[in-house]
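What the coordinates show
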Amino acid sequence: KSDSFRGNVICSLPHVIYNKIVIIEDDDHYTPDYLTLYSGRLDNYELIGDAPARYYDVKHRCYRILGNNKRASFCQTALRSSLINHLFISCQKDSAFVDARLWNKSVKKFIWQDKPHCIGIKNMPGRNGIGVGHRMKNGTKDKDWSVLTKWIGSDAEYYKKFAD
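Cut-off values and rules
Residues numbered from 1 in each chain as written. Predicted model: local features only at pLDDT ≥ 70, side-chain atom pairs only at ≥ 80, totals over all residues. Heavy atoms only, no water. Phe/Tyr/Trp six-rings, centres within 6.5 Å; stacked < 30°, edge-to-face > 60°. Helix = DSSP H or I, 4+ residues; strand = E, 2+ residues; numbered from the N terminus. Buried < 20%, exposed > 50% of the residue type's maximum accessible area, 1.4 Å probe, protein only. Lys NZ or Arg CZ within 6 Å of the ring centre and 35° of its normal. Pairing = 2+ DSSP bridges. Salt bridge = Lys/Arg side-chain N within 4 Å of Asp/Glu carboxyl O.

Things to note about the packing of aromatic side chains
- Tallied over the entire structure, the rule returns 10 aromatic pairs.
- The interplanar angle of 85° and the centroid separation of 6.4 Å between the aromatic rings of Y56 and W151 together place this pair among those described as edge-to-face. On the criterion of sequence distance, the pair formed by Y56 in strand β4 (residues 54-57) and W151 in helix α5 (residues 146-152) is long-range, its members being 95 residues apart.
- W151 gets classed as buried once you look at its relative accessible area, which sits at 11%.
- Ring geometry for Y63 against W151: centres 5.6 Å apart, planes inclined by 80°, an arrangement best described as edge-to-face. Here Y63 is found in strand β5 (residues 62-65), whereas its partner W151 is found in helix α5, with 88 residues between them in sequence. No difference in accessibility class separates Y63 from W151, as the two residues are buried.
- The rings of Y30, Y34, Y38, Y45, F110 and W112 are connected pair by pair, giving a single aromatic cluster.
- Cation over ring: R41 sits above F110, and NZ or CZ is 3.9 Å from the ring centre.

Digging into the sheet that holds β4
- What the five strands build is an open sheet, ordered β2-β8-β4-β5-β9; its pairing is mixed. The sheet is open, and its two edges are formed by β2 (29-30) and β9 (140-141), each paired on a single side.

Focus: the environment of P125
- Residue placement: P125 occurs in the loop between β8 (118-122) and β9.
- Residues P125 and F162, spaced 37 residues apart in sequence, show a C-alpha to C-alpha distance of 7.6 Å.

Here we look at the pattern of salt bridges
- Evaluation of the coordinates by the stated rule reveals five salt bridges.
- Between R71 and D99 there is a salt bridge, and its shortest N-O distance comes to 3.5 Å. Residue R71 is found in the loop between β5 and β6 (77-80), and its partner D99 is found in helix α4 (residues 98-104); the two are separated by 28 residues along the sequence.
- By relative accessible area, which is 24% here, R71 ends up partly exposed.
- Residue class for D99 comes out buried when judged on its relative accessible area of 9%.
- Salt-bridge contacts for E157 lead to K160; the nearest nitrogen and oxygen are separated by 2.8 Å.
- Linked through salt bridges whose partners overlap, the residues forming this network are D27, D28 and K122.

Without other data, these values stay purely geometric and don't point to any function.
In structure tokens form, the structure reads like this:
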């Protein structure tokens with residue numbers, strides 16, 4: 001992640017007033033029940049997320065499913081406030097892998113692997129993406145939108161207007 005991303009996270013941490021922190025990124029798609037599901041799981045776990053990461057490049061109609069089955073990408077992560085200090089330290093290191101450092105912590109974790117609750121949407125107008133999963137050069141083509149439709153249902157209709 002970029003320095004501004006890490007800086008934004010660091011600046012936000014002193015303002016956390018609740019016990020549950022859910023990461024929401026403005027350019028991704030979340031299921032309607034995302035907050036309810038994640039909040040409920042945080043009652044019993046310190047760190048939760050979806051795996052593997054799924055990214056969809058709308059402009060080029062292709063997708064990638066990463067091999068991260070033991071951790072979630074940052075956009076698919078929620079944590080209890082007991083991990084704020086660990087998140088702060090993870091963001092201070094000079095690296096793109098804040099999420100990997102966060103998930104390396106030995107705490108009670110839960111990973112959903114049955115269906116995606118968050119899809120990283122890439123290549124919307126003005127939003128190319130900066131992370132490894134965002135580089136869709138080797139993505140799998142989805143000519144008929146069937147993969148995106150399987151992942152997010154009828155919400156896929158919204159994204160079709162942004163394709164080439």
